[in-house]
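# Structure at a glance
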Amino acid sequence: MTYQKRLHDLRVDHDLRQEDVAQILKITSQAYGMYENGKRSLPIECLITLAKYYDVTSDYILGLNDNKK
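Residues numbered from 1 in each chain as written. Predicted model: local features only at pLDDT ≥ 70, side-chain atom pairs only at ≥ 80, totals over all residues. Heavy atoms only, no water.

Contact geometry of helix H2 (residues 18-25) with helix H4 (residues 44-54) gives a least axis separation of 10 Å together with a crossing angle of 110 degrees. When the axes of H2 and H4 are compared, the pair comes out roughly perpendicular. Crossing of H2 against H4: the hand is right-handed. Residues Val21, Ile24 and Leu25 of H2 lie in contact with H4, whose contacting residues are Cys46, Thr49, Leu50, Tyr53 and Tyr54. Each residue belonging to the contact of H2 with H4 can be placed in one class, and the counts come to seven nonpolar, one polar and no charged. (Axes fitted to C-alpha atoms, helices over the stretch in contact; angles between N-to-C directions. Helix = DSSP H or I, 4+ residues; strand = E, 2+ residues; numbered from the N terminus. Parallel < 35°, antiparallel > 145°, perpendicular 65-115°, else oblique. Left-handed = near helix turned anticlockwise from the far one by under 90°. Contact = heavy atoms within 4.5 Å. Nonpolar A, V, L, I, M, F, W, Y, C, P; charged D, E, K, R; others polar.)

Moving on, we get to the pattern of salt bridges. Following the criterion strictly, the structure yields five salt bridges and no others. The residue Glu36 makes a salt bridge to Arg11 at a minimum N-O spacing of 2.6 Å. Of this pair, Glu36 sits in helix H3 (residues 29-37) while Arg11 sits in helix H1 (residues 3-13), and the two are 25 residues apart along the sequence. Note that Arg17 and Asp20 form a salt bridge whose closest N and O atoms lie 3.0 Å from each other. For Asp20, a relative accessible area of 19% puts it in the buried group. (Salt bridge = Lys/Arg side-chain N within 4 Å of Asp/Glu carboxyl O. Buried < 20%, exposed > 50% of the residue type's maximum accessible area, 1.4 Å probe, protein only.)

What follows concerns H3. All of the buried residues along H3 are Ala31, Tyr32, Gly33, Tyr35 and Glu36. Against the buried residues of H3 lie H1, H2 and H4.

To continue, consider the side chain of Arg11. Under the relative-accessibility criterion, Arg11 is labelled buried at 10%. At 2.6 Å, the side chain of Arg11 and the side chain of Glu36 are in polar contact. The residues contacting Arg11, other than those within four sequence positions of it, are Leu16, Arg17, Gln18, Val21, Tyr32, Glu36 and Tyr54. (Polar contact = N/O pair within 3.5 Å; in protein donor to acceptor, adjacent residues only side chain to side chain.)

Glancing now at unusual backbone geometry. A positive phi angle, close to 60 degrees, is found at Lys26, a residue other than glycine. One can find Lys26 in the loop between H2 and H3. Even without a glycine there, the phi angle at Asp55 is positive, about 60 degrees. With respect to the secondary-structure elements, Asp55 resides in the loop between H4 and helix H5 (58-62).

So this is what it looks like as structure tokens:
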């Protein structure tokens, strides 16, 4: 699974909009949308923030494994 799909699935599972996640990351919703759509690479700082927010490992977000913890 790609990290873009994981980002989308995590957001939907937490009943968040792209705008909500963008606020968490302190970026625009357009920038976050580009991360989910694969038009822009996810910066490491955002990866760390999202892993902490969703309480999952960065490997899970990156699609390297299916274990959330």
